[in-house]
Amino acid sequence: MNEKQWQTYDMTVNGLPQKIRYNADTVEGLFLPLLRRLTEMQRKAGRCILVFLAAPPATGKSTLLQFLEELTRTRAALTPAQALGMDGFHYPNSYLAAHTILRDGAEIPLKNIKGAPETFDVALLAEKLRAAKEGRTQFPVYDRRIHDPRPDALTVDAPILLVEGNWLLLDEEPWCNLHALADYTLRIDVSPELLRDRLTARKVQGGLSVEDARAFYERSDAPNVLRFAAHAGAADEVWRMEADGDFVRG
């Protein structure tokens, strides 16, 4: 088996400079073929097309889509794409603090499960996706400095729109109503055990003890990881993340 040839790229992700790496064979054999298919699809459609990427937490989906966008901007044969996240469609913190959800007979404040499907404004997301397919529109953006969405902060106008999020293909109401808006769908699968390790390591790097990081995972991340695994929904194409962070066709 050939040794993987990793390439490092300088990118700005969520406003911060980062060095990211991808396997060169994956870029050539997985990423670029996808973008060529989307380019052909967009040219045949003669309009903006929407592409959904659904993946669980800690898979680097926003970074991946920004990298795919960059590839379309630097390869002349590809139609330009724009990477978009659904985090801007979180309900504002004021709404999350004032509303609850019933789970297992207990009333839980939405602010305690921020990031779960119930904490997003799906109706607004659907409205903005429909508008994007019709032409230029504005999307909200999640501001990590204030931990709240900023309405209409981003102009959306590319011929190919790459939209990422945990729940875009969720097979539950009202999320499943979004599926008809997508021209193409991609899902990334990851073993829950690998995600547990990645999410715990992320919290340790952020300053938590190993014990606190594990407790946070069980309380906050595990329900979302398991819900994605059970209800992620079907996709036109499926990739799998490996332990080293590489992607392969599922």
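Residues numbered from 1 in each chain as written. Predicted model: local features only at pLDDT ≥ 70, side-chain atom pairs only at ≥ 80, totals over all residues. Heavy atoms only, no water.

The next point concerns the overall build of the protein. Scanning the protein from terminus to terminus reveals 6 helices and 12 strands. With the C-alpha coordinates of the protein rotated into their principal frame, the extents come out at 55 × 45 × 35 Å. Within the protein, the proportion of its 250 residues that are buried is 45%. Long-range contacts, defined as pairs at least 24 residues apart, comprise 68% of the intrachain contacts of the protein with a sequence gap of at least 6. Here the protein has roughly 12,800 Å² of accessible surface; of this, 49% comes from carbon and sulfur atoms. Side-chain charges in the protein split into 31 positive and 35 negative, and the spacing between the mean points of these groups amounts to 3 Å. (Helix = DSSP H or I, 4+ residues; strand = E, 2+ residues; numbered from the N terminus. Buried < 20%, exposed > 50% of the residue type's maximum accessible area, 1.4 Å probe, protein only. Contact = heavy atoms within 4.5 Å. Areas by Shrake-Rupley, 256 points an atom, 1.4 Å probe, with all protein chains shown as cover. Lys, Arg positive; Asp, Glu negative; His and termini not counted. Charge placed at Lys NZ, Arg CZ, Asp CG, Glu CD.)

This next bit is on unusual backbone geometry. Cis rather than trans, the peptide bond between Glu173 and Pro174 has omega equal to -5°. With phi around 70°, Ala58 is a residue other than glycine that occupies positive phi space. Inspection of the secondary structure puts Ala58 in the loop between β3 (49–54) and α2 (61–74). A relative accessible area of 8% means that Ala58 is categorised as buried. Phi is positive for Asp152, close to 50°, though the residue is something other than glycine. Here Asp152 is to be found in strand β8 (residues 148–156).

Direction vectors running N to C along helix α1 (residues 24–45) and α2 enclose 75°, while the axes themselves pass 10 Å from each other. In terms of axis orientation, α1 runs roughly perpendicular to α2. Facing α1, whose interface residues are Val27, Phe31, Leu32, Leu34 and Leu35, α2 presents Leu64, Phe67, Leu68, Leu71 and Thr72. Here the contact of α1 with α2 is built from residues that sort into 9 nonpolar, 1 polar and no charged. (Axes fitted to C-alpha atoms, helices over the stretch in contact; angles between N-to-C directions. Parallel < 35°, antiparallel > 145°, perpendicular 65-115°, else oblique. Nonpolar A, V, L, I, M, F, W, Y, C, P; charged D, E, K, R; others polar.)

Examined against the element boundaries, Tyr142 turns out to sit in strand β7 (residues 137–143). According to the relative accessible area criterion, Tyr142 is buried, its value standing at 16%. Distance in space between the C-alpha atoms of Tyr142 and Ala153 is 9.1 Å, their sequence separation being 11 residues. Once residues lying within four places of it in the same chain are set aside, the contact partners of Tyr142 are Asp87, Gly88, His90, Lys114, His147, Asp148 and Pro149. A polar atom in the side chain of Tyr142 sits 2.8 Å from the side chain of Lys114. One polar contact links the side chain of Tyr142 to the main-chain carbonyl oxygen of His147, over a distance of 3.1 Å. (Polar contact = N/O pair within 3.5 Å; in protein donor to acceptor, adjacent residues only side chain to side chain.)

One finds Phe31, Leu64, Leu68, Ile188, Trp239 and Phe247 to be the most contacted residues of the largest nonpolar core, which totals 39 residues. Per-element accounting of this core gives the leading share, 7 residues, to α1. Each residue touching Phe247, except ones within four places of it in the same chain, is listed here: Tyr22, Thr26, Leu30, Phe31, Thr59, Leu64, Ile188, Trp239, Arg240 and Met241. (Core = buried A, V, L, I, M, F, W, Y, C linked by side-chain atoms within 4.5 Å.)

Once that is clear, we can look at α1. Look at α1: 31 Å from first C-alpha to last across 22 residues, which is about the 32 Å you get at 1.5 Å a residue. A maximum bend of about 30° is found in α1 at Leu32, where proline Pro33 lies one to four positions downstream. Of the residues making up α1, those classed as buried are Ala24, Thr26, Val27, Leu30, Phe31, Leu32, Pro33, Leu34, Leu35, Leu38, Thr39 and Gln42. Two or three places before Asp25, at the start of α1, stands the capping residue Asn23, its side-chain oxygen 3.2 Å from that residue's backbone nitrogen. At the exit of α1 stands Gly46, carrying a positive phi of roughly 70°. (Expected span 1.5 Å × (residues − 1). Bend = angle between axes of the 7 residues up to and from the residue.)

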